[in-house]
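These are the residues of each chain, in order.
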Amino acid sequence: MMKKKSISASNASLVLFLCQMISALDVPLDSKLLEELSQPPTITQQSPKDYIVDPRENIVIQCEAKGKPPPSFSWTRNGTHFDIDKDAQVTMKPNSGTLVINIMNGGKAEAYEGVYQCTARNERGAAISNNIVIRPSRSPLWTKEKLEPNQVREGDSLVLHCRPPVGLPPPIIFWMDNAFQRLPQSERVSQGLNGDLYFSNVQPEDIREDYICYARFNHTQTIQQKQPISVKVFSTRPVTERQPVLLTPTGSTSTKVELRGNVLLLECIAAGLPTPVIRWIKEGGELPANRTFFENFKKTLKIIDVSEADSGNYKCIARNTLGSAHHVISVTVKAAPYWITAPRNLVLSPGEDGTLICRANGNPKPSISWLANGVPIAIAPEDPSRKVDGDTIIFSHVQERSSAVYQCNASNEYGYLLANAFVNVLAEPPRILTPANKLYQVIADSPALLDCAYFGSPKPEIEWFKGVKGSILRGSEYIFHDNGTLEIPVAQKDSTGAYTCVARNKLGKIQNEVQLEIKDPTVIIKQPEYKVIQRYGQVSFECIIKHDSTLLPTVIWLKDNDELPDDERFLVGKDNLTIMNVTDKDDGTYTCIVNTTLDSVSASAVLTVVAAPPTPAIIYARPNPPFDLELTGQLERSVELSWIPGDENNSPITNFVIEYEDGLHEPGVWHYQTEVPGTQTTVQLKLSPYVNYSFRVIAVNEIGRSQPSEPSEQYLTKSANPDENPSNVQGIGSEPDNLVITWESLKGFQSNGPGLQYKVSWRQKDVDDEWTSVIVANVSKYIVSGTPTFVPYEIKVQALNDLGYAPEPSEVIGHSGEDLPMVAPGNVQVHVINSTLAKVHWDPVPLKTVRGHLQGYKVYYWKVQSLSRRSRRHVEKKILTFRGNKTFGMLPGLEPYSTYKLNVRVANGKGEGPASPDKVFRTPEGVPGSPSFLKITNPTLDSLTLEWGSPTHPNGVLTSYILKFQPINNTHELGPLVEIRIPANESSLILKNLNYSTRYKFYFNAQTSVGSGNQITEEAVTIMDEVQPLYPRIRNVTTAAAETYANISWEYEGPDHAHFYVEYGVAGSKEDWKKEIVNGSRSFFVLKGLTPGTAYKVRVGAEGLSGFRSSEDVFETGPAMASRQVDIATQGWFIGLMCAVALLILILLIVCFIRRNKGGKYPVKEKEDAHADPEIQPMKEDDGTFGEYSDAEDHKPLKKGSRTPSDRTVKKEDSDDSLVDYGEGVNGQFNEDGSFIGQYSGKKEKEPAEGNESSEAPSPVNAMNSFV
């Protein structure tokens, strides 16, 4: 047996400190221990090196550190001490080094530009942060310029220059029109990387006057607009085709320098007709696969994560049917410094040796410099134990005073790296962290693991004893783990007892005792058996168990691996399951599971439900078991088995199942070997070495399986080398500094001989190391300690026994343990798509900083406040996980017009890395929710009072309310719809001049600048007059007929100002009725031109009232008389009567005219009593108005009784609430400085209204400071 080889760091008794060190010892953290041990400071969180801040918000410069004792913090600004006590605008957070500069309360961000550095210091050393450059973002205005229209010939090329203002960070450029719609782009028209808009050839469809370049500054959430550019295209026929010419870049060659890890963008845009097509190649090589993308219709070549290998000449070729043009771009990839080996914290005990290694690469090669506690090491206090050798510091015979924090700075012209690593010298006697007298309970024949979590400096040695005065435990029956744990692979009853763990180093010794109890296993001594039951019968399965008397078992029954049906037919007893009144759906597999706190066993049986046989019936049953088994032709690796079938019981045997028992390794356990058709009674069986075989046969028919046959005689095969190696070999670290190698052990019969063991071998991948091997037995796991964090290892596990080794195993790749990611995603950007959806982008973290398998990125986001309600509530953070190496994600379900914060974290198998700085973004306004309520109260004859509540979710700034209403008649038909716009600050309205006793339907909704929200509806009825209104009717139609005319008179009951007509025709005729319109609202009419001696039918109706007519009346004209008869029209009495009637009408007209010109107010009752001639005074029903409308807040009431002029115009005093006052239809514009203003305005002419002049200023709305 080979001795187990211990793997540990060569120069450290303590592998890591605190969490790292305790993890290396494989013991849990102990809070008291952590409180007692000293630790130099460690920077845990800091702001990015290049920190661009919003000049409108407070500046927060982060600096967090841990250490024991807790560190104190100080800052430098531009290389000199920054005394925050002398600046009232600057504060430092308690127990933190984070600075808060108060900009929102009077400070100016520009005054705090500079380079900041944080120092965290305690008695063990000082750690420093990166140089943090603070710069406020800038979004300057566009310079004013006079833009002439572009006159372009059809087919020529054109470039519209954007030339955005220089901002910090640079703005995002896009082209839109006046309606804020993005201009369509194609192979012919596209935007370049510099923001200019390129036309390969101009077409007539390009004519427009609103080519507008927008610059969006994300930090300040503002958009600046260039003045619109006009393009006019003139045609000359025929249009001349042209071969390609490059618009950008110019010339035949150019150069570009890009940094390693960045995105390389190369662009070629060509003019020509037909439109050229762009193609890219790399001279002398291929474009890198999986990292190359084409954008902007292949005009842009994009290569992500560039490296030095991507340097070279890239050629773009523009081609159309007339020719081609090309350009070569020479790309050089430089590199800012990047780590090869970053220095790691070092924990030593007095007198030990150690090294700090700092290795970085870059292009050009970075220089390495060391600092001690933030001071260049050349001028730092001397330490005789320290020696600097380039990128390495060597420590020899350290003492406690050697504790310090060292900084390694790797820099070149493209950047720098700064890493802190401490050297902590500790002298600590051993401590055992496992509780004393801890009790371990294990089932017999199972592994027992007894913990001895320890700590000490130097690292203590661990020994185990059994009993108080027992000897030290040694031998292959025990496994001693590096974390102090004692493993007994196969615990027996005699393993019960007390075990003592002793930890000692040169500073002391300590011991701890634990107890081990071995319990009897739980066994099902009578298992449920296979059952065949007829439909509607009763069946019972038994499950009788034997268990350790100190353990309490629980029994659970399952059907087809699921819970039993919730059916009272299933009765669960103490030792059985009974099913009453069995049905077809009860067919299945029933399992009895027995659980204790230490083990679990189960057994299953199949229930087959068959139909009840007719009488008489053939009895079908499972076959009888085979018998007379015989073994012949015994060889080392094979044997022949034969048998005699049992009775098939009226159902033919379909197949035989052969099972075997290994009496040497697993007595009493039967395994599946093979199966053969039901017509075959012999089989040649393949055998394995070192197995004591017994065989049995089971017959199967359609009803089920027979009972097993009696076992055959035993046959012991000879031993041999193992034929196979363990399967499912894996290497996965459980801690950052270990590698746990696991495998599936070989079955007993797979060992091929006695003394089965495993040779476990490993070496670090891609490193020229020899294999390290150990030989273990009776285990399926081995832990390699002291490994680097998350590095690949080659692993193999080979089986061996007393006769030799199995064949050479295949190698698998595993990884040592993961650690939490080191850095947060950078360059987090938020693109607000609409009021409820945003898109977040981030730069991926370098894969080396993930320190584990990249699981994805997690976006934490939460609402800070609603901009419309100004109310705060409990912040509920939401998390969205984006799998893999994604660099963007969508955030759905946002609330409109709200402020949100988010941060992004990278996740691996260990957990999440640090969060990126919180990113603040705002969602724009959306349409509001419906008003919270609408109540209609105080009904009168002609008015209703409306009250409402503002929307619960305004989703923005309310601009107005929209009220629509219409009458509903008795047949539920809807009348004309009227719309009224109400100011947003109103909450009630009195609606006047309605019809009495009329039902109205109201539709009410709120509006923001985005649009209208959902409406709510209500219905209400105006009350009846004190006098019961008359239903409209025409009655008592009378006629006075002469030879050629007839006087028609009638009585009318109903609304005033009805317009009447008379219909007549020859009685008994099928001809259509003739219609005569009555002038005014008179109740009489003269029909002329009648035929003497003819019977006529007549009826009277009212205009506008469908189906409203009188009953028919029949009259007959007089016979024709001699000419000497006197015509009534020439009689004096008739002429006098007609004159009196005309005079009366004239007087009424004069009175109405006088009252109308006075414009005075008169009550509704007077209007109902007045029966003026509608031809002289237009009715309210005809002029389209709705009478009085008054607002509780309106100080300019309309005149009652006013009328619309006949030319349908509305005077100012008649309509002060016109839509012009509210600015309907006025588009928002951009002012000269490019910022957006949206102002409702209406042009009014001054006109006297009841002695007062009315002049109102336009109503401004909030300027738009962002556009998404």
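Above this note sits the structure.
Residues numbered from 1 in each chain as written. Predicted model: local features only at pLDDT ≥ 70, side-chain atom pairs only at ≥ 80, totals over all residues. Heavy atoms only, no water.

Participant: Let's hear about the packing of aromatic side chains: which residues, and what values?
Facilitator: In this description, a pair of aromatic rings is defined by centroid distance and the angle of the planes. If you walk through the whole model with that rule in mind, you get 23 aromatic pairs. Ring centres 5.5 Å apart and planes at 5 degrees place the aromatic pair Tyr693 and Phe695 in the stacked group. On the basis of relative accessibility, which here comes to 3%, the residue Tyr693 falls in the buried class. Looking at Phe695, the relative accessible area reads 0%, which means it is buried. With centroids separated by 6.5 Å and ring planes inclined at 55 degrees, the aromatic side chains of Tyr1064 and Tyr1096 adopt a geometry described as tilted. Placement of the pair is Tyr1064 in strand β88 (residues 1060–1066) and Tyr1096 in strand β91 (residues 1095–1102), with a sequence separation of 32 residues. Judged by its relative accessible area of 9%, Tyr1064 falls in the buried class. (Phe/Tyr/Trp six-rings, centres within 6.5 Å; stacked < 30°, edge-to-face > 60°. Buried < 20%, exposed > 50% of the residue type's maximum accessible area, 1.4 Å probe, protein only. Helix = DSSP H or I, 4+ residues; strand = E, 2+ residues; numbered from the N terminus.)

Participant: Break down the nonpolar core for me, citing the residues and quoting the values.
Facilitator: Within the largest apolar cluster, 27 residues are counted, with the highest numbers of intra-cluster contacts made by Ile59, Ile61, Trp75, Ile101, Tyr116 and Ile134. Elements with a minimum of two residues in this core: β2 (50–53), β3 (59–61), β4 (63–68), β5 (72–77), β8 (99–101), β9 (114–122) and β11 (132–136). Per-element accounting of this core gives the leading share, three residues, to β9. Among all residues touching Tyr116, those that are not within four sequence positions of it are Ile61, Trp75, Thr76, Arg77, Phe82, Ile101, Asn130, Asn131, Ile132 and Ile134. (Core = buried A, V, L, I, M, F, W, Y, C linked by side-chain atoms within 4.5 Å. Contact = heavy atoms within 4.5 Å.)

Participant: Before we move on, can you summarise the pattern of salt bridges with the specific residues and values?
Facilitator: Using the criterion set out here, one finds 38 salt bridges in the structure. A salt bridge links Arg260 to Glu308; the nearest nitrogen and oxygen atoms lie 3.7 Å apart. Residue Arg260 is found in the loop between β21 (253–259) and β22 (264–267), and its partner Glu308 is found in the loop between β26 (300–303) and β27 (312–320); the two are separated by 48 residues along the sequence. Note on Arg260: relative accessible area 35%, which makes it partly exposed. (Salt bridge = Lys/Arg side-chain N within 4 Å of Asp/Glu carboxyl O.)

Participant: Now, about the sheet that holds strand β77 (residues 898–908): what can you tell me, with residues and values included?
Facilitator: Here four strands make up an open sheet; going across it, the order is β75-β74-β77-β78 and the pairing antiparallel. On the outer flanks of this sheet lie β75 (878–883) and β78 (919–922), each paired with one strand and no other. Here the average twist between neighbouring strands, direction ignored, is 30 degrees. (Pairing = 2+ DSSP bridges. Axes fitted to C-alpha atoms, helices over the stretch in contact; angles between N-to-C directions.)

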